[in-house]
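# Chain and residue survey
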Amino acid sequence: MPEKETATNVRTGETTTTEVPTADEAYVSALLREREGYAIHDRADRVAAVDAELKRLGVNYVGGKETAAESKPRRTARSK
């Protein structure tokens, strides 16, 4: 789940809250972008390597969508 960060505008004094992805979410998102590039360029060996890393993190990539793995549901990511 994204972390929430608050900031105060120095000019107006207004406080805003922004959701910031956790390190794990950012890493999974980067892996999914990397996998997409390999898939576009027909690099099945690299796609398999990225899939293995995603699986290690507890994310399954099935049919263009990532889902939480049954064994490690604590790590998930949202796609764009």
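Everything that follows concerns the structure shown earlier in this document.
Described below are features of the structure shown in this document. (Residues numbered from 1 in each chain as written. Predicted model: local features only at pLDDT ≥ 70, side-chain atom pairs only at ≥ 80, totals over all residues. Heavy atoms only, no water.)

### With respect to the overall build of the protein chain
Within the protein chain, the regular secondary structure consists of two helices and four strands. Listed N to C, the secondary structure of the protein chain is β-β-α-α-β-β in terms of helices and strands. By sequence separation, contacts in the protein chain at least 24 residues apart represent 21% of the contacts at least 6 residues apart. Of the roughly 6100 Å² of accessible surface on the protein chain, a fraction of 50% belongs to carbon and sulfur atoms. (Helix = DSSP H or I, 4+ residues; strand = E, 2+ residues; numbered from the N terminus. Contact = heavy atoms within 4.5 Å. Areas by Shrake-Rupley, 256 points an atom, 1.4 Å probe, with all protein chains shown as cover.)

### Observations concerning unusual backbone geometry
Excluding glycine, residues mostly have negative phi values, and the peptide bonds linking residues are mostly trans. Phi angles above zero are rare outside glycine, and Asp42 is one such case at about 55°. Summarising the element assignment, Asp42 is placed in the loop between α1 (23–40) and α2 (44–56).

### Some remarks on the nonpolar core
Val28, Leu31, Leu32, Val50, Leu54, Leu57 and Val59 together form the largest nonpolar core, which totals seven residues. Put simply, the parts of the chain that give this core at least two residues each are α1 and α2. Top element by residues in this core is α1. It accounts for three residues. Excluding residues that lie within four positions of it along the chain, Leu54 makes contacts with Val28, Leu31, Leu32, Arg35, Val59 and Tyr61. (Core = buried A, V, L, I, M, F, W, Y, C linked by side-chain atoms within 4.5 Å. Buried < 20%, exposed > 50% of the residue type's maximum accessible area, 1.4 Å probe, protein only.)

### A few points about the packing of α1 against α2
Running from N to C, α1 and α2 point in directions that differ by 160°, and their axes come no closer than 9 Å. Between α1 and α2, the interaxial angle falls into the category roughly antiparallel. Crossing geometry of α1 relative to α2 is assigned as left-handed. Judged by residue contacts, Tyr27, Val28, Leu31, Leu32, Glu34, Arg35, Tyr38 and Ala39 of α1 engage Arg46, Val47, Val50, Asp51, Glu53 and Leu54 from α2. (Axes fitted to C-alpha atoms, helices over the stretch in contact; angles between N-to-C directions. Parallel < 35°, antiparallel > 145°, perpendicular 65-115°, else oblique. Left-handed = near helix turned anticlockwise from the far one by under 90°.)

### Focus: the environment of Leu32
Mapped onto the elements, Leu32 comes out in helix α1. Residues Leu32 and Tyr61, spaced 29 residues apart in sequence, show a C-alpha to C-alpha distance of 8.5 Å.

### A short note on α2
Its 13 residues place the ends of α2 18 Å apart at the C-alpha level, agreeing with the 18 Å of an ideal helix rising 1.5 Å per residue. Of the residues making up α2, those classed as buried are Val47, Val50, Glu53 and Leu54. Summarising the axial view, the buried residues of α2 lie within an arc of 120°, below the 170-degree limit, and thus occupy one face. Projecting away from the buried face of α2 at angles above 90 degrees are the exposed residues Ala44 and Lys55. One or two positions beyond α2, positive phi appears at Gly58, with a value near 95°. (Expected span 1.5 Å × (residues − 1). Arc of directions from axis to C-beta.)

Taken by themselves, the reported measurements are silent on function.
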